[in-house]
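Below are the chains, spelled out letter by letter.
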Amino acid sequence: MADENPARVSAEEDVRLVIEVLSEGTVRTDRVTKFSEYAEVGIEHYWIVDLEEPASMTTYRLIDGEYENFGEHTGKVSLDFDGTPLTLDLDALTTRHAQRP
């Protein structure tokens, strides 16, 4: 089966940033298992979004094989990712908009 569906990217070579959105059923996996797996393959940036009010994001960067916290953010966040400006509106992720009839 694996031969029929080959990997499209290599985590070691192609993935530099992972943004994970926590859900009730994946908190332990995202904060423990994936944290160590991503560090092991060398993914430089791991950002975790928590949608609990108020929505927040913790950003980690791989330093000497271990992730170090380099910021905790709420609201509208402007970050630089290797020379590329990124703006994320964390509040918009949880805002419920009324649907029109």
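Up top is the structure.
Caption draft 1: Representation of the nonpolar core in the model. Core analysis: the biggest nonpolar cluster contains 11 residues, these being Val18, Leu22, Phe35, Tyr38, Ala39, Ile43, Tyr46, Ile48, Tyr60, Leu62 and Tyr67. Counting residues per element, this core draws most heavily on helix H2 (residues 27–41), which supplies three residues. Beyond its immediate chain neighbours, meaning those up to four positions away, alanine 39 contacts Leu62, Gly65 and Tyr67. Core analysis: the second largest hydrophobic core is formed by eight residues, Trp47, Ala55, Met57 and Val77 among them.

Caption draft 2: Local environment of a nonpolar patch on the surface. Judged by side-chain polarity, Val21, Leu51 and Leu93 come together as a nonpolar surface patch covering roughly 240 Å² of accessible area. Considering the arrangement of structural elements, one finds leucine 93 in the segment after strand E6 (84–89).

Caption draft 3: Representation of unusual backbone geometry within the structure. In this structure, proline 54 follows glutamate 53 across a cis peptide bond, with omega equal to -10°. Relative to the helices and strands, proline 54 is located in the loop between strand E2 (45–50) and strand E3 (56–63). Phi at aspartate 82 takes a positive value of approximately 50°, unusual for a residue other than glycine. Positionally, aspartate 82 belongs in the loop between strand E5 (76–81) and E6.

Caption draft 4: Fine view of the pairing of E6. The pairing of E5 with E6 spans six bridges and is classified as antiparallel. From the neighbouring strand, lysine 76 faces E6, where its bridge partner is aspartate 89. As consecutive antiparallel partners, E5 and E6 are separated by two residues, and within that stretch aspartate 82 has a phi angle of approximately 50°, a positive value.

Caption draft 5: Molecular detail of the environment of aspartate 50. Take aspartate 50: it is sitting in strand E2. Residue class for aspartate 50 comes out partly exposed when judged on its relative accessible area of 22%. Along the chain, aspartate 50 and serine 23 lie 27 residues apart, while their C-alpha atoms are 7.8 Å from each other. Setting aside chain neighbours within four positions, we find aspartate 50 in contact with Leu22, Arg31, Ala55 and Ser56.

Caption draft 6: Broad picture of H2. Along its 15 residues, H2 runs 21 Å from first to last C-alpha, staying within 8% of the 21 Å computed at 1.5 Å per residue. Residues of H2 that are buried make contact with strand E1 (17–21), E2, E3 and strand E4 (66–74). The first or second residue beyond H2 is glycine 42, which carries a positive phi of 90°.

Reading guide: rules and limits
- Residue numbers run consecutively from 1 along every chain, following the written order of its sequence.
- pLDDT decides what is reported in this predicted model: residues at 70 or higher carry local features, side-chain atom pairs at 80 or more are listed and counted, and totals for whole chains, interfaces and linings draw on all residues regardless.
- Side-chain metrics rest on all non-hydrogen atoms present in the structure, leaving aside hydrogens and water.
- The nonpolar core is taken to be a set of buried Ala, Val, Leu, Ile, Met, Phe, Trp, Tyr and Cys residues, with the residues joined through side-chain atoms within 4.5 Å.
- Here the term buried applies to any residue with accessible area under 20% of the maximum for its type, exposed to any over 50%, and partly exposed to those in between, with areas from a 1.4 Å probe on protein chains only.
- Numbering goes from the N terminus for both helices and strands, where a helix is a DSSP run of H or I of at least four residues and a strand is a run of E of at least two.
- When checking whether two residues touch, look at their non-hydrogen atoms; a contact exists if any pair is within 4.5 Å.
- Within this analysis, patches are made of residues with over 30% relative accessible area and no salt bridge. Like charges are joined at 9 Å or less; nonpolar side chains (Val, Leu, Ile, Met, Phe, Trp, Tyr) at 5 Å or less.
- Residue-level accessible areas treat just the shown protein chains as cover; the underlying method is Shrake-Rupley with a 1.4 Å probe.
- We define a salt bridge as a side-chain nitrogen of Lys or Arg found within 4 Å of a carboxyl oxygen belonging to Asp or Glu.
- At least two bridges found by DSSP between two strands are what make those strands a pair.
- How far a helix is expected to stretch is found by multiplying one less than its residue total by 1.5 Å.

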